[in-house]
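# A look at the structure
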Amino acid sequence: MTIDNTEGARAQIGVTGLAVMGSNIARNFARHGHTVALHNRSIAKTDALIEEHGSEGDFVRTETIEEFVAALQKPRRVLIMVKAGDPTDAVIEELASAMEPGDIIIDGGNALYTDTIRREASLRDRGLHFVGAGISGGEEGALNGPSIMPGGPKESYQALGPLLESIAAQVDGTPCCTHIGPDGSGHFVKMVHNGIEYADMQLIGEAYNLFRDALGYDADQVADVFTEWNAGDLESYLVEITAEVLRQKDAKTGKALVDVIVDAAEQKGTGRWTVKSALDLGVPVTGIAEAVFARALSGAREQRKAAVGLASGQLADKPADAAQFTEDIRQALYASKVVAYAQGFDQIAAGSAEYDWNLHPADLATIWRGGCIIRARFLNRIKDAYDENPKLPSLILAPYFRDAIETAIDSWRRVVSTATLLGIPVPAFASSLSYYDALRAERLPAALTQGQRDFFGAHTYERVDAEGKFHTLWSGDRSEVQA
Ligand code: 6PG
């Protein structure tokens with residue numbers, strides 16, 4: 001696409017919606033030498049950004065959408081950073097009316113991918129390119145290098161890709177940004193990223209809970225363990241910040257901050273979307289689902305209060321060998337994490353097939369190595385696994401992860417059984433282990449389920465030794481007929 005340098009239209013990118021994420025991305029573009037047109041519904045935010053950070057690069061202050069659009073080089077590229085849902089639709093409509101065919105609107109918020117599919121189709125009819133881009137990394141990532149997952153028309157990536165890649169995190173010289181696929185695929189992939197983020201956080205939380213309640217560690221002691229783990233295979237942003245959060249002291253009481261925070265986890269909704277979509281696609285994302293439900297349970301504060309004191313039954317003694325149990329937890333965390341990623345990648349494969357997106361798992365692992373919340377050393381291994389075999393039936397079957405789980409399996413079982421005997425909840429550790437056991441089982445109880453379904457509803461079943469569908473005449477002579 002040609003770049004038209006009409007007098008006055010000098011900005012390479014426009015950012016509208018200048019709350020923290022929008023401001024930080026705008027600054028990131030400017031710091032990389034791009035001229036950035038700024039727009040916000042209330043001009044005060046635009047002015048505050050220019051006053052505080054105007055010296056970081058070349059910003060164009062605009063007040064109206066018309067001025068904003070007129071400040072942009074063609075094809076115009078506008079990044080929207082507003083609240084998902086109706087506010088996004090409103091801004092898109094305003095922009096679309098002021099823009100021309102070939103221009104590009106990028107939604108960088110956490111939009112629901114089905115909304116992105118709808119918006120892309122409707123803007124395509126008007127000759128505009130719509131790019132739903134997942135952006136991960138929080139406030140700090142937005143400023144210093146996020147992981148960016150842009151979907152939308154491939155042609156738009158020619159004009160947009162170099163700009164986005166210039167501000168993304170870089171790992172070994174590779175930007176954490178690539179064209180994901182058509183229409184809603186960028187937001188879909190970001191949604192699953194967030195689902196994995198939920199699972200990862202829940203697993204870390206369960207590990208912390210075991211140190212606290214099974215070994216009696218205080219927050220500083222647990223922080224030391226996480227710091228040590230961060231030097232090994234578990235090295236990741238979430239493990240690193242866990243140690244920092246645990247070490248933080250509360251100025252008011254002098255206690256560990258974590259001990260004065262209410263234990264009810266909130267959620268903006270992307271984890272829930274992941275599970276809803278997985279249900280529709282028929283993909284068992286059990287680790288992610290447990291994480292979403294664990295947050296819901298933690299938030300049921302009244303119910304929990306009423307349930308304190310319920311019988312625990314006879315509880316076992318605390319583990320005698322703290323060093324062994326610590327290593328067991330490390331192994332259980334690693335193995336459960338493999339399961340969470342395996343399930344997330346299964347969902348991505350299912351979404352790709354359902355919507356004909358032709359997604360490449362190795363590319364996703366590549367751009368998640370830096371910038372995003374789930375960035376981890378481990379993603380290099382996932383990238384290698386999919387590079388070697390893009391059609392891997394499950395990440396768990398990649399030789400590296402298969403071996404890692406083989407090493408971890410005894411520890412993993414000890415952690416789940418010890419936690420159960422101590423009455424300590426480990427929903428994500430336990431369900432990940434059950435998932436693994438179910439996946440590798442030669443025979444599942446689903447045969448019985450099929451028999452029951454046939455009994456009460458004549459739903460039929462398949463036989464292990466013949467083709468076709470069969471039905472037993474349960475209320476007749478119980479002979480079998482071919483359906
Ligand atoms: C990211 C994060 C981010 C998300 C927050 C809040 O990738 O930068 O996933 O997009 O909005 O982490 O998520 P919850 O409120 O749902 O925990």
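No experiment lies behind these values; they were computed from the predicted model shown.

Along the backbone of the protein chain there are 19 helices and twelve strands. Relative to its length of 483 residues, the protein chain is compact, with a C-alpha radius of gyration of 26 Å against a globular reference of 23 Å. Judged by the C-alpha coordinates and their principal axes, the protein chain covers about 80 × 70 × 45 Å. When each of the 483 residues of the protein chain is scored for burial, the buried share is 51%.

Using the criterion set out here, one finds 31 salt bridges in the structure. A salt bridge links Arg247 to Asp224, with the nearest nitrogen and oxygen atoms 2.9 Å apart. Of this pair, Arg247 sits in helix α10 (residues 237-247) while Asp224 sits in helix α9 (residues 219-229), placing them 23 residues apart in sequence. By relative accessible area, which is 45% here, Asp224 ends up partly exposed. Put simply, Lys383 and Asp387 hold a salt bridge, and the shortest N to O gap is 2.7 Å. Of this pair, Lys383 and Asp387 both sit in helix α16 (residues 378-388), separated by four residues, roughly a single helical turn.

A word on the pairing of strand β6 (residues 129-136). Among the eight residues that make up β6, eight are buried, leaving the element largely enclosed by the rest of the structure. Here β6 shows no split at all, with His129, Val131, Ala133 and Ile135 on one side and Phe130, Gly132, Gly134 and Ser136 on the other all buried. Pairing between strand β5 (residues 104-107) and β6: four bridges, direction parallel. Its bridge partner being in β6, Asp107 is matched across the sheet by Gly132. For the crossover that starts at β5, traverses helix α5 (residues 113-125) and ends in the parallel β6, the hand is right-handed. Strand direction decides the pairing type here: β6 and strand β7 (residues 147-150), joined by four bridges, are antiparallel. Opposite Ile135, over in β7, you have Ile148 as the bridge partner.

Let's shift gears to the domain arrangement of the protein chain. Partitioning the protein chain into domains gives domain 1 (11-178), domain 2 (188-438) and domain 3 (443-480). Look at where the C-alpha atoms of domain 1 and domain 2 centre, and you get two points 32 Å apart. Domain 1 puts 25 residues into the contact, and the matching count from domain 2 is 21 residues. Interface area for domain 1 against domain 2, summed over the two sides, is near 1,600 Å², with a carbon-plus-sulfur share of 68%. For the domain 1 face of the interface with domain 2, the top three residues by lost area are Asn110, Tyr113 and Met149, together amounting to 35%. At the junction of domain 1 and domain 2, the tally comes to one salt bridge.

A few words on the side chain of His179. Looking at the element boundaries, His179 is found in the loop between β9 (174-175) and α8 (185-213). Within the structure, His179 has its side chain in polar contact with the backbone oxygen of Gly152 (distance 2.7 Å). Leaving out residues up to four positions away in the same chain, His179 has contacts with Pro150, Gly151, Gly152, Pro153, Lys154 and Tyr157.

Here the focus is the packing of helix α14 (residues 322-355) against helix α17 (residues 399-422). Two numbers describe how α14 lies on α17: the axes approach to 7 Å, and their chain directions differ by 125°. Judged on the interaxial angle alone, α17 and α14 are oblique. As for the relative orientation of α14 and α17, their crossing is left-handed in sense. Here Gln324, Phe325, Asp328, Ile329, Gln331, Ala332, Tyr334, Ala335, Ser336, Val338 and Val339 of α14 lie close against α17, whose contacting residues are Tyr400, Phe401, Ala404, Ile405, Thr407, Ala408, Ser411, Trp412, Arg414, Val415 and Thr418. Of the residues contributing to the contact of α14 with α17, the split by class is 14 nonpolar, six polar and two charged.

This brings us to the site of the ligand. The immediate surroundings of the ligand are formed by 15 residues, with Ser136, Lys190, Glu197, Tyr198 and Arg295 found nearest. A distance of 3.0 Å separates an oxygen atom of the ligand from a polar side-chain atom of Asn194. Here Glu197 contributes a side-chain N or O atom positioned 2.6 Å from an oxygen atom of the ligand. Computed on the free molecule, the ligand has an accessible area of 420 Å², of which 79% lies beneath the protein chains in the complex.

Okay, the UniProt feature "binding site: substrate" (unreviewed entry) in the protein chain next. Residues annotated by UniProt as "binding site: substrate" (unreviewed entry) correspond here to Asn110, Ser136, Gly137, Gly138, His193, Asn194, Tyr198, Lys268, Arg295, Arg453 and His459. Taken together, the annotated residues stretch across 350 residues and extend over separate regions, lying up to 48.7 Å apart by C-alpha. Here Arg453 is to be found in helix α19 (residues 446-457). For Arg453, the residues in contact, after removing those within four places along its chain, are Ala458, His459 and Thr460.

The next point concerns the sheet that holds strand β10 (residues 461-463). Ordered by their spatial adjacency, three strands build an open sheet running β10-β11-β12, and the pairing between neighbours is antiparallel. Among the strands making up the open sheet, the edge pair consists of β10 and β12 (480-482). With direction set aside, neighbouring strand axes in the sheet form an average angle of 50°. Judged from the three bridges that link them, strand β11 (residues 466-472) and β12 form a sheet pairing that is antiparallel. Pairing of Phe470 across the sheet is with Gln482, part of β12.

Time to look at the pairing of strand β1 (residues 13-16). Residues Ile13 and Val15 point to one face of β1 and Gly14 and Thr16 to the other, with burial holding for every one of them. Both β1 and strand β2 (residues 36-39) contribute to a ladder of four bridges, which runs parallel. In the sheet register, Thr16 faces β2, and the bridge partner there is His39. Here β1 runs beside strand β4 (residues 77-80); their pairing, made up of three bridges, is parallel. Bridging across to β4, Thr16 finds its partner in Ile80.

The rules behind the values
- Residues numbered from 1 in each chain as written.
- Predicted model: local features only at pLDDT ≥ 70, side-chain atom pairs only at ≥ 80, totals over all residues.
- Heavy atoms only, no water.
- Helix = DSSP H or I, 4+ residues; strand = E, 2+ residues; numbered from the N terminus.
- Rg over C-alpha atoms; globule rule 2.2 N^0.38 Å.
- Buried < 20%, exposed > 50% of the residue type's maximum accessible area, 1.4 Å probe, protein only.
- Salt bridge = Lys/Arg side-chain N within 4 Å of Asp/Glu carboxyl O.
- Pairing = 2+ DSSP bridges.
- Right-handed = clockwise from strand over helix to strand, strands pointing away.
- Domains from an automatic or database assignment.
- Contact = heavy atoms within 4.5 Å.
- Buried area = accessible area lost by both parts, 1.4 Å probe.
- Polar contact = N/O pair within 3.5 Å; in protein donor to acceptor, adjacent residues only side chain to side chain.
- Axes fitted to C-alpha atoms, helices over the stretch in contact; angles between N-to-C directions.
- Parallel < 35°, antiparallel > 145°, perpendicular 65-115°, else oblique.
- Left-handed = near helix turned anticlockwise from the far one by under 90°.
- Nonpolar A, V, L, I, M, F, W, Y, C, P; charged D, E, K, R; others polar.
- Near = heavy atom within 4 Å.
- Areas by Shrake-Rupley, 256 points an atom, 1.4 Å probe, with all protein chains shown as cover.
- UniProt positions renumbered as here; feature names shortened; annotations may be inferred.

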